[in-house]
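# Structural features, examined
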Amino acid sequence: QAEEASAQTVAGVREIAAEWKACLLAEVGHTTEVVDAEISRTAQWCESHRNLVEQQIEQQRRLAEETRAQMERRIAEAEQLSSVHLGTSVGLAEAAAAQAEELLNNTKALSERRVKEAVGLLMLYLDRGDGDGAGASLASALPALTA
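About the criteria used
- Residue numbers restart at each chain and count upward from 1, following the sequence in its written direction.
- Since the coordinates come from a predicted model, pLDDT governs what is reported: local features require at least 70, and pairs of side-chain atoms require 80 or more to be given and counted, while whole-chain, interface and lining totals use all residues.
- Only hydrogens and water are set aside; all other atoms, that is, all heavy atoms of the structure, feed into the side-chain values.
- Numbering of helices and strands runs from the N terminus; a helix is a DSSP stretch of H or I covering at least four residues, while a strand is a stretch of E covering at least two.
- Exposure categories follow from relative accessible area, calculated using a 1.4 Å probe and restricted to protein chains: below 20% of the type maximum is buried, above 50% is exposed, and the middle band is partly exposed.
- A patch is a set of surface residues, each over 30% in relative accessible area and not in a salt bridge, joined within 9 Å for like charges and within 5 Å for the nonpolar side chains Val, Leu, Ile, Met, Phe, Trp and Tyr.
- Each accessible area value is a Shrake-Rupley result obtained with a 1.4 Å probe; residue values ignore everything except the protein chains displayed when judging cover.
- Within this document, salt bridges are pairs made up of a side-chain nitrogen of Lys or Arg and a carboxyl oxygen of Asp or Glu, the two lying within 4 Å of each other.

Looking only at helices and strands, the protein chain features two helices and zero strands. Looking at the protein chain as a whole, 3% of its 147 residues qualify as buried.

Printed below as a string of structure tokens:
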């Protein structure tokens, strides 16, 4: 009887051990599925974020390129405007210098003409020698000098 009880106990323990083994294998299988699912979700999340980061990098690169191109256009426009402004300023300065030179030449010519007329009248006065005739000639010529 003891052998039989012992055999039943051993059989019961083996049965329980087999059930636990089956439960543990089922739990390991379930845990493996959960871990595999988590690995898959994590891989998808990483891929999604990698794509987002790549898109952000591409957008930053594109914006930097657009900014660089826009700054190059602005610099070119500023250089062109500066060149035009310089040309205009030089042209205006040259025109002002030409006008000043013309005015100077006209003033010199007018002054020389008036001096020559005055010298001529003075010589006429001195050549005539008589006070009345020369004075009248000088008086009549003075309005021409002031013109």
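From this point, the narrative continues.
Turning to a nonpolar patch on the surface, a few remarks are in order. Residues Val115, Val119, Leu122, Met123, Tyr125 and Leu126 make up a contiguous nonpolar surface patch of about 550 Å² in total accessible area. Looking at the secondary structure, you find Val115 in helix H1 (residues 2-128).

Below, the discussion takes up the pattern of salt bridges. Think of it this way: side chains of opposite charge can pair up when their charged atoms draw near. Evaluated as defined, the whole model comprises eight salt bridges. A salt bridge links Arg61 to Glu58; the shortest N-O distance between them is 2.5 Å. Of this pair, Arg61 and Glu58 both sit in helix H1, three residues apart, which is roughly one turn of the helix. Residue classification places Arg61 among the partly exposed residues on the basis of a relative accessible area of 47%. With relative accessibility at 41%, the residue Glu58 sits in the partly exposed group. It is possible to trace a salt-bridge network through shared partners that takes in Glu47, Arg50 and Glu54.

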